[in-house]
Amino acid sequence: MDKNWKIETLAVQAGYEPQNGEARVVPIVQSTTYKYNTSQEVADLFDLKAPGFFYTRLANPTVDCFEKKMAALEGGVAAVALSAGQTANTMAIMNCCTCGQHVIASAALYGGTVSLFTNTLKKMGVEVTLVSSDATAEEIIAAARPETRAVFAETIANPALTVLNFEEFSKAAKELGVPFIVDNTFPTPFLCKPFDFGADIVTHSTTKYTDGHALSVGGIVIEKGTFNWANGKFPEFTEPDKSYHGLIYTRDFAACPFSVKLRVQWVRDLGFPMMPFNAFLSHVGLETLHLRMERHSENALKLAEHLQNHPKVAWVKYPFLKGDDQYEMAKKYLKGGSGVLCFGMKGGKAASEKVMNSLKLAAIVVHVADVRTGVLHPASMTHRQLTDEELVAAGVLPEMVRVSVGIENIDDIIADFDQAMEQV
Ligand SMILES: *Cc1c(COP(=O)(O)O)cnc(C)c1O
């Protein structure tokens, strides 16, 4: 791999470098274990004295290639692939916080992450304070406690489509001396590289645009490699780890202490690794990431503009739509808006449902970021237990339709929405 390669070349070439006579395409190593000649060699692997594979819960050659490709695309030094996006966010937090500590997060978050932060992490002794996505660095710092150990946000929030104000959030994290963790699922490294804007750790639900074809659930945590873990707030990184004969992460793995600790403590003890076949699918998915993201963004903007001018549509939300309240932030940080947009019908919830049911090309699916266009109605699906008043409070308007615009021909996508609108 050439360090100067541009992102399109990295998407195709990085991660797997076959030697003479080896498979051209990344092989699926569907094996839990690996053969060695002497027990000493295996002992050295267990002691992390030598690199290599000994058990697929900890590392696997196919997963390793996928991790290397993602790290190259994001511009990080190392990555750990996990079984789901939820796992990636959980482990990224737990790897820098212990029981009794605290995290500050932007309130513009994926629903599953809100639940993780407000219910489940609390049970594990980690409290999360949610601050407004508009908060200034001073306001974010005001939410800090002596035990704050991370700042967390999403680059483009799902489904609010708020674009992260990297400047304010990264400034706050820096002043607090804690890592800034960014969930970069929607933009992918092709549309935004959070490490260029102050992030220390990047996470993904690889289930979405990384895979891109709705084939496999997965997650990943990527480390930039420049955060100072020896600033006094993170003794787990600087003091001997008893479970590894006194290993010190910042001393023995100075280049990527976060990733090594995450793998050998959290994945060793809790599991949740990515499986080789899923890593293969995600690796191959990444080979067309740049082409897909360009087309998703182009199609979504065209559909957003078309819907905005449609007489039956009340409102459209897409960060790259001129006049959108996120437009300036989107221009500043993103190369494109991804394929996700939201809109509401003038006829309210019933009209929105009628449009969804009348679509022929676009399918109703609980998913985003697929090559195929899909729609979801949060009010009658993911948020169906809420009343109309509660939906408004949750930022999910009753008439809101979330569209994941695919990479089909845009004329066919627009024609499908037009024929569905005629049914209203
Ligand atoms: C989907 C999603 C997740 C959760 O990922 P899974 O792979 O479904 O576990 C986390 N963050 C964001 C932004 C997502 O869109």
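Keep in mind the model is a prediction, meaning the values are calculated, not measured.

Peer 1: Quick rundown of the overall build of the chain? Include the residues and the values.
Peer 2: Of the regular secondary structure elements, the chain holds 17 helices and 12 strands. Taken over the C-alpha trace, the chain has a radius of gyration of 22 Å; the compact-globule value for 424 residues is 22 Å, and the two agree within 12%. Its C-alpha atoms put the chain at 70 × 55 × 40 Å along the principal axes. Here the chain holds 424 residues, and 55% of them are scored as buried. The long-range share in the chain, meaning contacts at least 24 apart out of those at least 6 apart in sequence, stands at 71%. A total accessible area of about 18,000 Å² is found for the chain, and carbon and sulfur atoms account for 54% of it. Positive and negative side-chain charges of the chain, numbering 39 and 48 respectively, have mean locations separated by a distance of 2 Å.

Peer 1: Please provide a residue-by-residue account of the nonpolar core, values included.
Peer 2: Ranked by size, the top nonpolar core spans 120 residues in total, and within it F180, L303, L341, F343 and F417 carry the most contacts. Contact partners of F417, with chain neighbours within four places excluded, come to L303, L307, F343, L359, A362, T373, V375 and V403. Y16, V26, C65 and F280 belong to the second-largest nonpolar core, a separate cluster that totals five residues.

Peer 1: Can you tell me about the pairing of strand 1 (residues 78-82), naming the residues and giving the values?
Peer 2: When you tally the buried positions in strand 1, you get five out of five residues, the bulk of the element. Here strand 1 shows no split at all, with A78, V80 and L82 on one side and A79 and A81 on the other all buried. Where strand 1 and strand 7 (residues 219-223) come together, five bridges link them in antiparallel fashion. For A78, the partnering residue across the bridge sits in strand 7 and is E223.

Peer 1: So, unusual backbone geometry: which residues are in play, and what are the values?
Peer 2: Along the chain, N158 connects to P159 via a cis peptide bond; the corresponding omega equals 5°. One can find P159 in the loop between strand 4 (148-154) and helix 7 (166-176). A positive phi is found at T188, a non-glycine position, where the angle reads about 60°. Checked against the element boundaries, T188 lands in helix 8 (residues 188-191).

Peer 1: Could you give an account of the site of the ligand, with specific residues and numbers?
Peer 2: Not every one of the 15 residues close to the ligand is listed here, only the nearest: G85, D183, S205, T207 and K208. N158 places a polar side-chain atom, nitrogen or oxygen, 3.0 Å from an oxygen atom of the ligand. Considered on its own, the ligand offers 380 Å² of accessible surface; in the complex 92% of this is hidden by protein. Considering every element that reaches the shell around the ligand, the biggest residue donor is helix 4 (residues 85-94), with three residues.

Peer 1: Give me the lowdown on the environment of V371, citing residues and values where you can.
Peer 2: Looking at where V371 falls in the secondary structure, it is placed in the loop between strand 10 (363-364) and strand 11 (374-376). Distance from V371 to G212, taken between C-alpha atoms, is 6.1 Å for residues 159 residues apart in sequence. For V371, the residues in contact, after removing those within four places along its chain, are G212, H213, R292, H296, G406, I407 and E408.

Criteria and cut-off values
- Residues numbered from 1 in each chain as written.
- Predicted model: local features only at pLDDT ≥ 70, side-chain atom pairs only at ≥ 80, totals over all residues.
- Heavy atoms only, no water.
- Helix = DSSP H or I, 4+ residues; strand = E, 2+ residues; numbered from the N terminus.
- Rg over C-alpha atoms; globule rule 2.2 N^0.38 Å.
- Buried < 20%, exposed > 50% of the residue type's maximum accessible area, 1.4 Å probe, protein only.
- Contact = heavy atoms within 4.5 Å.
- Areas by Shrake-Rupley, 256 points an atom, 1.4 Å probe, with all protein chains shown as cover.
- Lys, Arg positive; Asp, Glu negative; His and termini not counted.
- Charge placed at Lys NZ, Arg CZ, Asp CG, Glu CD.
- Core = buried A, V, L, I, M, F, W, Y, C linked by side-chain atoms within 4.5 Å.
- Pairing = 2+ DSSP bridges.
- Near = heavy atom within 4 Å.
- Polar contact = N/O pair within 3.5 Å; in protein donor to acceptor, adjacent residues only side chain to side chain.

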